[in-house]
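Below, each chain spelled out in residue letters.
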Amino acid sequence: MKKKRFFIFTLVVLMSLALAACSGGDKTSSSKGLDTNIVTIATGGASGPYNIIASTLADIYTEQYDVNSRTQTTGASVENLNLLSDNKVEMAFVMSDALTQALNGEAAFTEPIENVSQIATLYPNVVQIVATKSSGIQTIEDLRGKRVAVGDQGSGVELNARALLNGHGITYDDMKVDYLGYAEAADGLTAGTIDAAFLTSGLPNASVLELSQTHDIVLVSVDPEKVATIAEEHPYFISVEIPKDMYGNEEAIPTAAVPNALVVRSDMSDDDVYELTKTFFENLEKLENAHQAASDISLENAQENLIAPLHPGAKRFYDEQSK
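What counts, and at which threshold
- Residues numbered from 1 in each chain as written.
- Predicted model: local features only at pLDDT ≥ 70, side-chain atom pairs only at ≥ 80, totals over all residues.
- Heavy atoms only, no water.
- Axes fitted to C-alpha atoms, helices over the stretch in contact; angles between N-to-C directions.
- Helix = DSSP H or I, 4+ residues; strand = E, 2+ residues; numbered from the N terminus.
- Parallel < 35°, antiparallel > 145°, perpendicular 65-115°, else oblique.
- Left-handed = near helix turned anticlockwise from the far one by under 90°.
- Contact = heavy atoms within 4.5 Å.
- Nonpolar A, V, L, I, M, F, W, Y, C, P; charged D, E, K, R; others polar.
- Phe/Tyr/Trp six-rings, centres within 6.5 Å; stacked < 30°, edge-to-face > 60°.
- Buried < 20%, exposed > 50% of the residue type's maximum accessible area, 1.4 Å probe, protein only.
- Lys NZ or Arg CZ within 6 Å of the ring centre and 35° of its normal.

### Some thoughts on the packing of helix α3 (residues 77-85) against helix α4 (residues 96-104)
Inference 1: Contact pair α3 / α4: the axes reach a minimum separation of 9 Å and the direction vectors enclose 45°. With respect to α4, the axis of α3 lies oblique. Our pair here, α3 against α4, has a crossing hand that is right-handed. Two secondary-structure elements touch here, α3 through Ser 77, Val 78 and Leu 81 and α4 through Ala 98, Leu 99 and Ala 102.
Inference 2: Grouping the constituent residues of the contact of α3 with α4 by class yields five nonpolar, one polar and no charged.

This is how it looks when you write it as structure tokens:
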């Protein structure tokens, strides 16, 4: 009797182990895990494309890899790069101008940052200079003597606002400067506490879109020839247009843009970055559904105008696509 009970107990244990092994095998085959348990993505203002696109991406990483992936709302590029350098985040959306300055230890960066690699070149961040119609502002030169929001202090928005202004012979001493993010700048324009604002992001910017539906605004143009001249010193600037009807504008508005970059910590494993890159490009449609700006991200252009060294994990992914 005892032998029979022991046989039954042993059989039950063996069947349980077999079921557990099968279950574990299914999990492994459905998706590869990551070496890291956390994928924090540094973004920007809550209403900006960085945050909207990254929130969707974080949800995808969490679901696919069973990791703690989330976004961190920040003052954008400069803060993101410092967080990455300090190992406080794993991934970040940044502008190419800020990335250039970070690698060179220029402007807001007192010394070159390390431990940063690039995954991809993304969509262009379009400089959107918005003014109230009552301000009388039509051109960048009209900003002299006005109260102007130039982005969060030290942000990528502020860095390219300063460069564009300097390229037109304007310094902060010529204006009353406020350091405001997207939402705060829109509130300032609504309240009449500022006359104009730089809101540099993918198109459309949610704050500008909302503002255009409730107030009379003017989109200030930037002369393409002037952009070309400024690009001689700041080669990351390109000339683009804000399309007609984007914000109710009756014609396309010429302006400047700076490509965005998706970067990671260099010390992340090659396997992890390969998986994160692969999943990013496999889900472009979901990212585009989250924000229209993601429609300008493509595998074909992802390695153009790279600023930081390409992470080996990302390179492995691109090499596979070219075979």
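There's more to say after this.
### Thoughts on the packing of aromatic side chains
Inference 1: In total, this model carries nine aromatic pairs according to the counting rule given.
Inference 2: Taking 6.0 Å as the distance between ring centres and 70° as the angle between the ring planes, the aromatic pair formed by Phe 281 and Tyr 318 counts as edge-to-face. Placement of the pair is Phe 281 in helix α9 (residues 270-282) and Tyr 318 in helix α11 (residues 312-321), with a sequence separation of 37 residues. Neither Phe 281 nor Tyr 318 differs from the other in exposure class; each is buried.
Inference 3: Cluster of aromatic residues (ring-pair linked, three or more members): Tyr 274, Phe 280, Phe 281, Phe 317 and Tyr 318.
Inference 4: Here the basic side chain of Arg 316 rests over the ring of Tyr 274, its NZ or CZ set 4.8 Å away from the ring centre.

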